[in-house]
Amino acid sequence: MNNKKKALFITDEDLSLNTGGVIYVRQVIHALSDCFYNVKVFSVNSEYQEYSIKRTLVRDITSRLIFHPSVSVFSVFKVLRCLSDVNEVYFHSGKHWFLLLLINLFYKNIKVTCISDNIEFDLFSINERSSFARRAVNLVEKGIRFVSESLSYRLSDKVTFITNDDFGRACEIYRLNRERNILPISVPLRNNLFSKKTFETGLFTGSFAFKPNYEALSILLKQYLNLKKFGVKVIVSGYKLSDVVSKNQMKEYADVFIFVCSPDKEKMNEIFQDSDFFISPVISGSGMKTKVAESLSYGLPVLGTTHSFIGYSKALETNSRWLRFLGDGCENLVEEIVYFRNNNYTFKDFKELREIQENEYSFNSIKDNLVGGL
């Protein structure tokens, strides 16, 4: 720990949620807390009123009118009051350019790091088959994210990216002339979770406010008949899943798919332990898939698309038995499940997996890159 040094962390995430992005943020804060004497955390709906960022529809709309896609701009005076005794400030994502500008102008002694866990510009695809209104909204959002990320990256002393792919993409879009700083997913190590797997129960989980996960679920549902034939159950869980279930006819899938909407941390832990393997049919979006690392930490093999395994090259190189590739349409899903059923996993295999996770994806492995060089 850097004795008496203090840091400020700002995010527009609600840290009470269990989404992949929030898990990533919590682990970054955990790592910072081990490096600094004190870390003040500004977040949406913080339990501490003085550090709480309030999100409303009016604020969301107003912030976009000034090309600032985070409501943190409405907490500017709260943030400024905290800067007098802070040595370093960490911003989660490239959404906070106005606060960065103020620090650059009036607090030149404070070092600032922007922590990017995806390229916001790439989250809004312009699909010609969608309605004119939807295409217009996405085009406006892309413009807002371009301005905000471009300014945020340039106003920061240091920028970290979650994968090499994101770093390369940011350089391509924003013409960055930056040192390569990669800060991958980190998850807590878990003990004594290995048990004999029957490979009868799969799991897919994520935030369904995030379009790529909604898209991935649609792909997975198309494998319903194949999964039913082989007697496989799939648990689907996540934030805002209830919205997806209510808008679609899901009863016809009930004998294969079990839907668990917005589980709390205890329930999510129970679901992971009751599952035999994880399925990640994600084919779009950016960043690194947190749930893959989380599944590995529970000793679950992962069936995933090429897109799902971005950032996991070390794990793939070391022991590919735990990470198996699916086609973008999950055409070989049943074939890979049969592979798992025919290959006995031992405690030795699990120990190798834990070594990969500890070396590459635990929070101890990211601390040096998080605070080093400032």
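In this numbering scheme, every chain counts its residues from 1 along its sequence in written order. Residues qualify for local features only when their pLDDT is at least 70, as the model is predicted, and side-chain atom pairs are given and counted only at 80 or more; totals for whole chains, interfaces and linings, by contrast, use all residues. To obtain the side-chain values, all non-hydrogen atoms of the structure were used and water was disregarded.

Description of the overall build of the protein
- A run of H or I in DSSP counts as a helix once it spans at least four residues, and a run of E counts as a strand once it spans at least two, with each numbered from the N terminus. Across its full length, the protein holds 15 helices and 12 strands.
- Counting the 374 residues in the protein, one finds 53% classified as buried.
- Contacts in the protein between residues at least 24 apart in sequence constitute 68% of all its contacts with a sequence separation of at least 6.
- In these tables, accessible area is a Shrake-Rupley quantity obtained with a 1.4 Å probe, and a residue counts as shielded only by the protein chains included in the view. Working note: accessible area of the protein is about 17200 Å², and carbon and sulfur atoms make up 51% of it. Only protein chains enter the calculation, and the probe is 1.4 Å; a residue is then buried if its accessible area is under 20% of its type maximum, exposed if over 50%, and partly exposed in between. Whether two residues are in contact is decided by their heavy atoms: any pair within 4.5 Å suffices.

Observations regarding the side chain of Ser72
- Structurally, the position occupied by Ser72 is in the loop between helix 2 (57–65) and helix 3 (76–82).
- Polar contact is the term for a pair of N or O atoms within 3.5 Å; when the atoms are in protein, one must be able to donate a hydrogen and the other to accept it, and sequence-neighboring residues count only if both atoms are side-chain atoms. A polar contact of 3.0 Å, which involves the side chain of Ser72, links it to the side chain of Ser70.
- Setting aside residues no more than four positions away along its own chain, Ser72 makes contact with Ile10, Ile53, His96 and Leu99.

Description of the nonpolar core
- In these notes, a set of buried Ala, Val, Leu, Ile, Met, Phe, Trp, Tyr and Cys residues joined through side-chain atoms within 4.5 Å is what counts as a nonpolar core. Core analysis: the biggest nonpolar cluster contains 71 residues, and Phe9, Leu32, Tyr90, Leu217, Phe257, Leu333 and Leu370 have the highest contact counts within it.
- With seven residues, helix 1 (residues 20–33) is the single largest residue contributor to this core.
- If we ignore the near neighbours within four places in the chain, the residues touching Phe9 are Val25, Val28, Ile29, Leu32, Val39, Lys40, Val41, Phe42, Tyr90, His92 and Ile115.
- Phe42, Val79, Leu83 and Leu99 belong to the second-largest nonpolar core, a separate cluster that totals 21 residues.

Quick word on the packing of helix 1 against helix 11 (residues 290–297)
- Lines fitted to C-alpha atoms define the axes, with helix axes restricted to the stretch in contact, and inter-axis angles between N-to-C directions lie between 0 and 180 degrees. Their axes nearest at 8 Å, the elements helix 1 and helix 11 cross at an angle of 70 degrees. Put simply, helix 1 runs roughly perpendicular to helix 11. On helix 11, the residues that touch Gly20, Gly21, Ile23 and Tyr24 of helix 1 are Thr290, Lys291 and Glu294.
- Any residue outside Ala, Val, Leu, Ile, Met, Phe, Trp, Tyr, Cys, Pro, Asp, Glu, Lys and Arg is labelled polar, Gly included; the first ten of those are nonpolar and the last four are charged. Of the residues that constitute the contact of helix 1 with helix 11, the class distribution is two nonpolar, three polar and two charged. Any angle that is under 35 degrees is reported as roughly parallel, and any over 145 degrees as roughly antiparallel; angles of 65 to 115 degrees are reported as roughly perpendicular and all others as oblique.

Section: the sheet that holds strand 8 (residues 233–238)
- The six strands are arranged 9-8-7-10-11-12 in an open sheet whose pairing can be described as parallel. In this open sheet, the two strands that pair with only one neighbour each are strand 9 (257–261) and strand 12 (323–325). The sheet shows a mean angle of 25 degrees between the axes of neighbouring strands, taken without regard to direction.
- A pair of strands counts as paired when DSSP detects no fewer than two bridges linking them. Two elements, strand 7 (residues 201–205) and strand 10 (residues 277–280), share two bridges in a ladder whose sense is parallel. Of the residues in strand 10, the one forming a bridge with Gly202 is Phe277.
- Packing against the sheet, helix 10 (residues 265–274) makes contact with strand 7, strand 8, strand 9 and strand 10, and its axis sits at approximately 140 degrees to strand 7.

Focus: the packing of aromatic side chains
- Pairs were defined over the aromatic rings of Phe, Tyr and Trp, the Trp ring being its six-membered one, requiring ring centres within 6.5 Å. Orientation was assigned from the angle between planes: stacked under 30 degrees, edge-to-face over 60, tilted for the rest. Evaluated as defined, the whole model comprises 18 aromatic pairs.
- Taken together, the aromatic side chains of Phe121, Phe146, Tyr153, Phe161, Phe167 and Tyr174 make up a single cluster linked through ring pairs.
- Any Lys NZ or Arg CZ that is within 6 Å of a ring centre and within 35 degrees of that ring's normal is treated as a charge sitting over the ring. Here the guanidinium or amino end of Lys142 rests over the ring plane of Phe121, the centre of that ring lying 4.0 Å away.
- One Lys or Arg, Arg324, reaches over the ring of Tyr339 and ends 3.7 Å from the middle of that ring.

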